[in-house]
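# Observations on the three-dimensional arrangement
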Amino acid sequence: MSAPTEVELYFVKGKIERWLRFGKPISEQTLDRRRRVATFAPGAIFAFIRWASNAHGTLVSRIDILRACNDDEPCSTVPGVKPGAEILLRTVGWEKVQRVLRAIDAVEALGFLPHEVCPDHWRHVHNRLAAGLPPRAYSRERHRAWLLRAGLERRP
């Protein structure tokens, strides 16, 4: 059995925020009034946002869409994520973070949960943003094709 992935969530109003935009943890543990740990099963997909500021404004704004790995899979290290995860999307800067948030909102507007869509969609969004291009919209047809490929839906 693979060990779960733990994500440390942290909140200090107006200074530091580490939170989940989407994902379905198998458990959450409150450490104190500012810190929690969310635990994800191997294969789970989640969006982790990290933001920090000081008296002069925002220092960092970033979003990572990650997939929790099995023990036998390689994974990347991400601050606040133990032992690490597969990076599907990573971006830095408020403008790019907003574009990712809009892409997440678009998936939700179709009635899908973002952590249940094809992981390749998040890789696609990452690559298009890195190239300075708008990502193609996710669709019901793409979702059905992914479900068929993954063996999660039967053919008619």
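Structure's up top.
Cut-offs applied
Residues numbered from 1 in each chain as written. Predicted model: local features only at pLDDT ≥ 70, side-chain atom pairs only at ≥ 80, totals over all residues. Heavy atoms only, no water. Helix = DSSP H or I, 4+ residues; strand = E, 2+ residues; numbered from the N terminus. Rg over C-alpha atoms; globule rule 2.2 N^0.38 Å. Buried < 20%, exposed > 50% of the residue type's maximum accessible area, 1.4 Å probe, protein only. Areas by Shrake-Rupley, 256 points an atom, 1.4 Å probe, with all protein chains shown as cover. Disulfide = S-S within 2.5 Å. Phe/Tyr/Trp six-rings, centres within 6.5 Å; stacked < 30°, edge-to-face > 60°. Expected span 1.5 Å × (residues − 1). Arc of directions from axis to C-beta. Pairing = 2+ DSSP bridges. Core = buried A, V, L, I, M, F, W, Y, C linked by side-chain atoms within 4.5 Å. Contact = heavy atoms within 4.5 Å.

## Some details on the overall build of the protein
Summing up its helical and strand segments, the protein has three helices and eight strands in all. Along the chain direction, N to C, the helices and strands of the protein fall in the order β-β-β-β-β-β-β-β-α-α-α. In terms of C-alpha radius of gyration, the protein reaches 16 Å, essentially the compact-globule figure of 15 Å for 156 residues. Seen along its three principal axes, the alpha-carbon backbone of the protein occupies a region of about 55 × 40 × 25 Å. The burial tally for the protein puts 37% of its 156 residues in the buried class. Carbon and sulfur atoms form 52% of the exposed surface of the protein, whose accessible area is close to 9,200 Å².

## Focus: the state of the cysteines
Taken as a whole and judged by the stated rule, the model has zero disulfides. Free of any disulfide, Cys69 has its nearest neighbouring cysteine sulfur in Cys75, separated by 4.9 Å. Here Cys69 falls in the buried class, since its relative accessible area comes to 5%. Of all cysteine sulfurs, the one in Cys69 lies closest to Cys118, which takes part in no disulfide; the gap is 16 Å.

## Considering the packing of aromatic side chains
Evaluated as defined, the whole model comprises three aromatic pairs. Judged by centre distance (4.2 Å) and plane angle (15°), the rings of Phe40 and Phe46 are stacked. For Phe40, a relative accessible area of 0% gives the class buried.

## Quick word on helix α1 (residues 94-109)
Side chains three or four residues apart in an α-helix point the same way, a direct result of the helix having 3.6 residues per turn. A rise of 1.5 Å per residue sets the reference length of α1, with its 16 residues, at 22 Å; its end C-alpha atoms lie 22 Å apart and thus fit the reference within 8%. Of the positions making up α1, those classed as buried are Val97, Val100, Leu101, Ala103, Ile104 and Val107. For α1, the angular spread of the buried residues around the axis is 155°, confining them to a single face. In α1, the exposed positions that point more than 90 degrees away from the buried face belong to Glu95, Arg102 and Ala109.

## A word on the pairing of strand β4 (residues 35-40)
Note: strand β1 (residues 5-12) against β4, six bridges, orientation antiparallel. In the sheet register, Tyr10 faces β4, and the bridge partner there is Arg35. Note that strand β3 (residues 27-30) and β4 share four bridges and pair antiparallel. Bridge pairing links Glu28 to Ala38 in β4. Hairpin connection from β3 to β4: four residues lie between these consecutive antiparallel strands.

## Focus on unusual backbone geometry
Lys82 connects to Pro83 through a cis peptide bond whose omega is 0°. Counting through the fold element by element, Pro83 comes out in strand β8 (residues 81-92).

## Some details on the nonpolar core
Residues Phe22, Ile63, Ile65, Val100, Ile104 and Trp122 are the most contacted members of the largest nonpolar core, which totals 23 residues. Taken together, the elements giving at least two residues each to this core come down to β5 (45-54), β6 (57-67), β8, α1, α2 (119-130) and α3 (140-150). Here this core takes six residues from α1, the largest share from any one element. Those residues in contact with Ile63 that sit more than four places away from it in its chain are Ala47, Phe48, Ile49, Leu89, Arg90, Thr91, Val97, Val100, Leu101 and Ile104. Ranked by size, the runner-up nonpolar core spans 13 residues in total, among them Leu20, Ala44, Phe48 and Val78.

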